[in-house]
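# Chains, contacts and geometry: an overview
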Amino acid sequence: MSREPSGYARALDLFQGVVAGVDDDGWDAPSPCAEWSAREVAGHVIGGQREIMALARGTEPPDVADDPGGYA
């Protein structure tokens with residue numbers, strides 16, 4: 001049995017594809033998340049993934065900025 005759930009890996013691949021498809025001028029577009037831009041949503045997801053990776057490695061998670069776009 002794999003230690004990485006295949007659904008999780010697929011979700012990350014799909015997210016990467018969506019991010020790669022955003023035009024340069026699309027990052028400031030509004031998102032379905034109230035008051036967040038596309039950049040802020042992507043930054044939030046990327047920051048969460050960095051926290052998950054650190055926890056999986058047994059290391060200290062990075063500080064997550066109050067700004068949800070801090071990682072984008």
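What comes next is a walk through the structure. All of these numbers come straight from a predicted model, not from anything done at the bench. (Residues numbered from 1 in each chain as written. Predicted model: local features only at pLDDT ≥ 70, side-chain atom pairs only at ≥ 80, totals over all residues. Heavy atoms only, no water.)

### A short note on unusual backbone geometry
The general pattern is negative phi for most residues beyond glycine and trans for most peptide bonds. In this model, Glu35 sits at a positive phi of 70°, which is unusual for a non-glycine residue. In this structure Glu35 comes out as exposed when scored by relative accessible area, which is 81%. (Buried < 20%, exposed > 50% of the residue type's maximum accessible area, 1.4 Å probe, protein only.)

### Observations concerning the pattern of salt bridges
Using the criterion set out here, one finds one salt bridge in the structure. A salt bridge links Arg39 to Asp28; the shortest N-O distance between them is 3.1 Å. Of the two residues, Arg39 is situated in helix H2 (residues 38–57) and Asp28 in the loop between helix H1 (6–20) and H2; the sequence distance between them amounts to eleven residues. (Salt bridge = Lys/Arg side-chain N within 4 Å of Asp/Glu carboxyl O. Helix = DSSP H or I, 4+ residues; strand = E, 2+ residues; numbered from the N terminus.)

### Describing the packing of H1 against H2
Remark: H1 packs on H2, axes separated minimally by 12 Å, with the N-to-C direction vectors making an angle of 145°. Our pair here, H1 against H2, has a crossing hand that is left-handed. Taken together, the residues of H2 that come into contact with H1 (itself represented by Tyr8, Leu12 and Phe15) are Ala42, Val45, Ile46, Gln49 and Ile52. Looking at the contact of H1 with H2 residue by residue, the classes come out as seven nonpolar, one polar and no charged. (Axes fitted to C-alpha atoms, helices over the stretch in contact; angles between N-to-C directions. Left-handed = near helix turned anticlockwise from the far one by under 90°. Contact = heavy atoms within 4.5 Å. Nonpolar A, V, L, I, M, F, W, Y, C, P; charged D, E, K, R; others polar.)

### Here we look at the environment of Gln49
Mapping Gln49 onto the fold places it in helix H2. When the C-alpha atoms of Gln49 and Pro61 are compared, they prove to be 10.0 Å apart, with twelve residues separating the residues in sequence. Sequence-distant contacts of Gln49, that is, excluding residues within four places in its chain, are made with Tyr8 and Leu12. A distance of 2.2 Å separates a polar atom in the side chain of Gln49 from a polar atom in the side chain of Tyr8. (Polar contact = N/O pair within 3.5 Å; in protein donor to acceptor, adjacent residues only side chain to side chain.)

### Quick notes on the side chain of Ser31
The residue Ser31 is located in the loop between H1 and H2 in this model. Polar contacts involving the side chain of Ser31 include one to the main-chain amide nitrogen of Cys33, which spans 3.0 Å. At 2.9 Å, the side chain of Ser31 and the backbone oxygen of Trp36 are in polar contact.

### As for H2
Over its 20 residues, H2 runs 29 Å from end to end, which matches the ideal 28 Å to within 8%, given 1.5 Å per residue. Ala42, Gly43, Gly47 and Ala54 are the residues of H2 that are buried. The buried residues of H2 occupy an angular sector of 135° when projected down its axis, which confines them to one face. Exposed side chains of H2 directed beyond 90 degrees from the buried face belong to Leu55 and Ala56. Buried-residue contacts for H2 involve H1. (Expected span 1.5 Å × (residues − 1). Arc of directions from axis to C-beta.)

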